[in-house]
Amino acid sequence: MKNAQRGNWPAAPAIYQIYPRSFQDTTGTGIGDLRGITDRLGHVADLGVDAIWLSPFYVSPFVDGGYDIVDHGAVDPRFGTLADFDALVSRATDLGLRVVIDQVLNHTSCEHPWFLDAAAGDEDMADRYLFRDPKPDGTAPNNWLSQFGEPAWTWCHTRRQYYFHQFLSCQPSLNLRNDAVHAAHRDQIRFWRDRGVTGFRF
């Protein structure tokens, strides 16, 4: 059913979301993978949708379902390889399906190399996040809460500062006013666009 779209791209498309971890396992690990998605794309195309939307498949500790990312430009080995991703995009294109992927611009994992360097004292890397000094009594800079209801500030003992996180404490928020962060975001979006990705969910 190539090109059997029923939506109005991009104003009102019909998009099928796929959570890779639970879609189909082709390796016997019990974890879904990119090859499993590729194998079943014919069934998705038969639904008449315009695109698939892939939830995060990047390198991650998976504390928050893959939204805590260590490497925005690599496939987590649990899901396969970049070659597997390219094969998925190629198969989707053959079936007339567009590919949309998540891009997490707000934060990284606390295991990201930037954050590890920041915690170790690298001031340039620290400026890519939101580190702040404690109040005179040692408490957090303010009383802000994260989206999950916990305090939005976590103490970093190596820096003797707090860092801000809009979500979990393992997801330090990025400084979206930092030029290096802007450049990295542009690079990662270009990287995936150049691999055939049609759109992004931010």
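Look up: the structure comes first, before these words.
Residues numbered from 1 in each chain as written. Predicted model: local features only at pLDDT ≥ 70, side-chain atom pairs only at ≥ 80, totals over all residues. Heavy atoms only, no water.

Can you help me understand the overall build of the protein chain in this one?
Scanning the protein chain from N- to C-terminus turns up 5 helices and 9 strands. Walking the protein chain from its N terminus toward its C terminus, one meets helices and strands in the order β-α-β-β-β-α-β-α-α-β-β-β-α-β. Taken over the C-alpha atoms alone, the protein chain extends approximately 65 × 40 × 30 Å along its principal axes. Taking all 202 residues of the protein chain together, the buried fraction comes to 44%. Considering only residue pairs separated by 6 or more positions, the protein chain has 61% of its internal contacts joining residues 24 or more positions apart. By element, 50% of the accessible surface of the protein chain is carried by carbon and sulfur atoms, the whole surface being about 10,200 Å². Counting 19 positive and 25 negative side-chain charges, the protein chain places the centres of these two groups 5 Å from one another. (Helix = DSSP H or I, 4+ residues; strand = E, 2+ residues; numbered from the N terminus. Buried < 20%, exposed > 50% of the residue type's maximum accessible area, 1.4 Å probe, protein only. Contact = heavy atoms within 4.5 Å. Areas by Shrake-Rupley, 256 points an atom, 1.4 Å probe, with all protein chains shown as cover. Lys, Arg positive; Asp, Glu negative; His and termini not counted. Charge placed at Lys NZ, Arg CZ, Asp CG, Glu CD.)

How should unusual backbone geometry be read in this particular structure?
Of all residues except glycine, most have a negative phi; of all peptide bonds, most are trans. Look at Phe 62: it is not a glycine, yet its phi comes out positive at around 60°. Tracing the backbone shows Phe 62 in the loop between strand E3 (58-59) and strand E4 (71-75). A positive phi angle, near 60°, is found at Arg 160, a position not held by glycine. Relative to the helices and strands, Arg 160 is located in the loop between strand E7 (153-156) and strand E8 (161-164).

Help me understand the sheet that holds E8, please; the structure alone is not making it clear to me.
A sheet is described by the order of its strands in space; here 3 strands give the open sequence E6-E8-E7, paired in antiparallel fashion. Bordering the open sheet on either side are strand E6 (131-132) and E7, each of which pairs with just one other strand. Of the pairings in the sheet, the one linking E7 to E8 comprises 4 bridges and is antiparallel in character. Pairing of Cys 156 across the sheet is with Gln 161, part of E8. (Pairing = 2+ DSSP bridges.)

Quick question: what am I supposed to make of helix H2 (residues 82-94) here?
Residues separated by three or four positions in an α-helix point in the same direction, a consequence of the helix having 3.6 residues per turn. In this model, H2 (13 residues) spans 18 Å end to end at C-alpha, consistent with the 18 Å of a helix rising 1.5 Å per residue. Burial in H2 covers these residues: Asp 84, Phe 85, Leu 88, Val 89 and Ala 92. Down the axis of H2, the smallest arc covering the buried residues is 140°, so these residues share one side. Here the buried face of H2 lies against helix H1 (34-46), strand E2 (51-54), E4, strand E5 (98-102) and helix H5 (179-193). Within two residues after H2, Gly 96 carries a phi angle of roughly 80°, on the positive side. (Expected span 1.5 Å × (residues − 1). Arc of directions from axis to C-beta.)

What is the right way to look at the layout of surface pockets in this model?
Rolled over the atoms, a probe with the dimensions of a water molecule shows which regions are left empty. Within this model, the largest pocket holds a volume of roughly 180 Å³. Lining the largest pocket are Val 70, Asp 71, His 72, Gly 73, His 112, Pro 113, Trp 114, Leu 174, Ala 184, His 185 and Gln 188. Elements with a minimum of two residues in the lining of the largest pocket: E4, helix H3 (113-119) and H5. The residue inventory of the lining of the largest pocket, partitioned by class, reads 5 nonpolar, 5 polar and 1 charged. (1 Å grid on protein atoms, 1.4 Å probe; cavity = no way out; pocket = protein on both sides within 12 Å on 5 of 7 lines; lining within 4 Å. Points joined across faces, edges and corners; volume = space filled by probe spheres on them. Nonpolar A, V, L, I, M, F, W, Y, C, P; charged D, E, K, R; others polar.)

For this particular structure, what's the right way to read the pairing of E2?
Within a regular beta strand, the side chains point alternately toward one face of the sheet and then the other, so they alternate between its two faces. Burial along E2 is two-sided: Ala 51 and Trp 53 and Ile 52 and Leu 54, pointing in opposite directions, are all buried. Pairing of strand E1 (residues 15-18) with E2, which is carried by 4 bridges, proceeds in the parallel orientation. Each residue of the ladder has a partner; that of Gln 17, found in E2, is Trp 53. Handedness of the crossover joining E1 and E2 through H1 is recorded here as right-handed. (Right-handed = clockwise from strand over helix to strand, strands pointing away.)

Which parts of the structure should I look at to understand the sheet that holds strand E9 (residues 199-201)?
Within a sheet, adjacent strands bond to each other through the backbone by hydrogen bonds, running parallel or antiparallel. The sheet built from 4 strands is open, its strands ordered E1-E2-E5-E9 with parallel pairing. Each having just a single partner strand, E1 and E9 make up the two edges of the open sheet. The sheet shows a mean angle of 25° between the axes of neighbouring strands, taken without regard to direction. (Axes fitted to C-alpha atoms, helices over the stretch in contact; angles between N-to-C directions.)

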